[in-house]
Amino acid sequence: MLVTRNLTPGESVYGEKRIAVDVPASTPDGVPTKVEYRVWNPFRSKLAAGIMGGLDELYIAPGKKVLYLGAASGTSVSHVSDVVGPEGIVYAVEFSHRSGRDLITMAKKRPNIIPIIEDARHPQKYRMLVGMVDVVFADVAQPDQARIIALNSHMFLKDQGGVVISIKANCIDSTVDAETVFASEIQKLRKERVKPQEQLTLEPYERDHCIVVGKYLRSSN
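Below, the structure is looked at part by part. Every value quoted in this text rests on a predicted model; they were computed, and no experiment measured them.

## What about the packing of aromatic side chains?
Working step 1: Taken as a whole and assessed by the stated rule, the structure comprises three aromatic pairs.
Working step 2: Ring centres 4.7 Å apart and planes at 55 degrees place the aromatic pair Tyr-68 and Phe-137 in the tilted group. In this pair, Tyr-68 is assigned in strand β4 (residues 65-69) and Phe-137 in strand β7 (residues 133-138), connecting sequence segments 69 residues apart. Take Tyr-68 and Phe-137: they sit in the same class, and that class is buried.
Working step 3: With 5.8 Å between their ring centres and 20 degrees between their planes, Tyr-126 and Phe-156 make a pair best called stacked. Of this pair, Tyr-126 sits in the loop between β6 (113-117) and β7 while Phe-156 sits in helix α4 (residues 145-156), placing them 30 residues apart in sequence. Across the pair, Phe-156 and Tyr-126 agree in class, each one buried.

Structure, rendered in structure tokens:
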């Protein structure tokens, strides 16, 4: 089971199960405390599926700044918010106004999420809202997603920062097999100064999906 420590104890985001754990007092005369965790379902989140599949390095950690492209209604974003904690920030970009309404509602209770209802193809439209980030995560399921990731990385990602991409093969090219699509997308990323480090298929949680993790090299030297 995969869980994240709930940034807003007592609140579920999408009906997920919550688990409270008693933590012993740190001193003899101290009072035990409760810590609440939220179950993160890998069948509902590509990122969770990647973690369950054994990804080594996600670049998403406490205190980190994350640019999340394809935030949808915020299911996975809320867990990333838990992981980065109160010292981190999640810039959550979503193009759909319908999903965006849910995202904005959720972000009202989570001050480390900045919802941005914009097209990720045009990062200049939200450049005044987003600072430099440690990692870009993308789940945009668009044929030109490598270009979308590159545009955002060039504008916002620190040198040596992380790039984490969920690739859905048939969204990019349904005429060839998934492995061919994955290889082609990785090649496009290389041309944009992303050095691939890991590739993982998301079976049994998703068919014909993979996650690629890479390191962004701002200088090509």
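## Concerning the pairing of β4
Working step 1: Within β4, four of the five residues are buried, leaving the element largely enclosed by the surrounding structure.
Working step 2: By the bridge criterion, five bridges tie β4 to strand β5 (residues 89-94) in an arrangement that is parallel. Counterpart to Lys-65 in the pairing with β5 is Ile-89.
Working step 3: The pairing of β4 with β7 spans four bridges and is classified as parallel. Looking across to β7, one finds that Val-66 is bridged to Val-135.

What counts and what doesn't
- Residues numbered from 1 in each chain as written.
- Predicted model: local features only at pLDDT ≥ 70, side-chain atom pairs only at ≥ 80, totals over all residues.
- Heavy atoms only, no water.
- Phe/Tyr/Trp six-rings, centres within 6.5 Å; stacked < 30°, edge-to-face > 60°.
- Helix = DSSP H or I, 4+ residues; strand = E, 2+ residues; numbered from the N terminus.
- Buried < 20%, exposed > 50% of the residue type's maximum accessible area, 1.4 Å probe, protein only.
- Pairing = 2+ DSSP bridges.

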